Amino acid sequence: LYQVGIDGKECKKVTNEPLVLSPGREGTLCYTGVNSDHNISLWNPSTNSGTIVYEGTCYQPIDTPNYLYFLDAANDYHLMRLEKSSGTLTQLTDCRVDCYNLTRDYAYYQKNAEGANALCRVSLDEPSGEEIVSQGVYTGINTTSQYVYFSSFQNPSQVFQTSADGPVQVQNFIFQLEK
């Protein structure tokens, strides 16, 4: 990981260890290590220091104002949510998850279950059960305020969209540049 000034100067190496980075909050980066340290940490570039915020075997962390979300490698990569103020840990899925992303109301995730692979979602308010978005194997789950985009694992150029927080209505998505 390198830190570079906004002007492109002052480049310096922060660490030799490969990291899984995700956006943090308030100018930080949220990360886990790849080779050894799998704790969730926050990197503060203004102090050039990292702080462990959760110890575990974590992967793909997402830092939100009230929660940390991550895949728990020690629990077959189930999607977990840690409430920051109380430390309460909630398991959001009962299956192995390959990748995920969040909207305001849902966690969208690729369920990895033999014979039952699917893109699913679970409510963040009441994580009581999954809703299947589309059967199959998908990747590249990206979210906006209105839509969730995802692509076929077998054919990454085949992209789909559905409403982010409304009813599921999967449609082909064809990207066209405006002239």
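Overview of the structure. (Residues numbered from 1 in each chain as written. Predicted model: local features only at pLDDT ≥ 70, side-chain atom pairs only at ≥ 80, totals over all residues. Heavy atoms only, no water.)

What to know about the sheet that holds strand 10 (residues 89–91)
As a reminder of what qualifies: Strand pairing follows a simple DSSP-based rule, namely that at least 2 bridges must link the two strands. Secondary structure elements are defined from DSSP: runs of H or I of at least 4 residues count as helices, runs of E of at least 2 residues count as strands, and each element is numbered from the N terminus. Fitted lines through C-alpha atoms serve as axes, helices being fitted only where they are in contact, and the angles separating the N-to-C directions of these axes extend from 0 to 180 degrees.
Read across the open sheet, the four strands follow the order 7-8-9-10; overall the sheet is antiparallel. Of all the strands in the sheet, just strand 7 (58–63) and strand 10 have a single pairing partner and so form its edges. Along the sheet, successive strands turn relative to each other by an average axial angle of 25°, direction set aside. Bridge count for strand 9 (residues 78–83) against strand 10 is three bridges, and the pairing is antiparallel.

Brief notes about the sheet that holds strand 18 (residues 171–173)
Within a beta sheet, neighbouring strands are joined by backbone hydrogen bonds and run either parallel or antiparallel to one another. Pairing in this open sheet of four strands is antiparallel, and the strands run 15-16-17-18 from one edge to the other. What marks the edges here is a single partner per strand, and that holds for strand 15 (138–143) and strand 18. Each adjacent strand pair in this sheet contributes to an overall mean axis angle of 35°, direction not counted. Alignment of strand 17 (residues 159–163) against strand 18, held across three bridges, turns out to be antiparallel. Residue pairing in the sheet places Gln161 in a bridge with Gln171 of strand 18.

Comments concerning the pattern of salt bridges
The condition is simple: Salt bridge, as used here: a side-chain nitrogen of Lys or Arg that lies within 4 Å of a carboxyl oxygen of Asp or Glu.
Evaluated as defined, the whole model comprises six salt bridges. Salt-bridge contacts for Arg121 lead to Glu131; the nearest nitrogen and oxygen are separated by 2.9 Å. Placement of Arg121 in strand 13 (residues 118–123) and of Glu131 in strand 14 (residues 130–135) is noted, with a sequence separation of 10 residues between them. A network of salt bridges, in which partner residues are shared, links Arg104, Asp105 and Asp165.

Quick look at the packing of aromatic side chains
Threshold: Note on ring pairs: Phe, Tyr and Trp rings are taken, using the six-membered ring of Trp, and paired if centres are within 6.5 Å. Classes follow the plane angle, with under 30 degrees stacked, over 60 edge-to-face and the rest tilted. Two thresholds decide whether a charge sits over a ring: the Lys NZ or Arg CZ must be within 6 Å of the ring centre and within 35 degrees of the ring normal.
Evaluation of the coordinates by the stated rule reveals nine aromatic pairs. Judged by centre distance (6.1 Å) and plane angle (50°), the rings of Tyr147 and Tyr149 are tilted. Ring pairs connect the aromatic residues Tyr138, Phe150 and Phe160, which therefore count as one cluster. Here the basic side chain of Arg81 rests over the ring of Tyr67, its NZ or CZ set 4.5 Å away from the ring centre. Directly above the ring of Tyr106 sits Arg121, whose terminal nitrogen or CZ lies 3.8 Å from the centroid.

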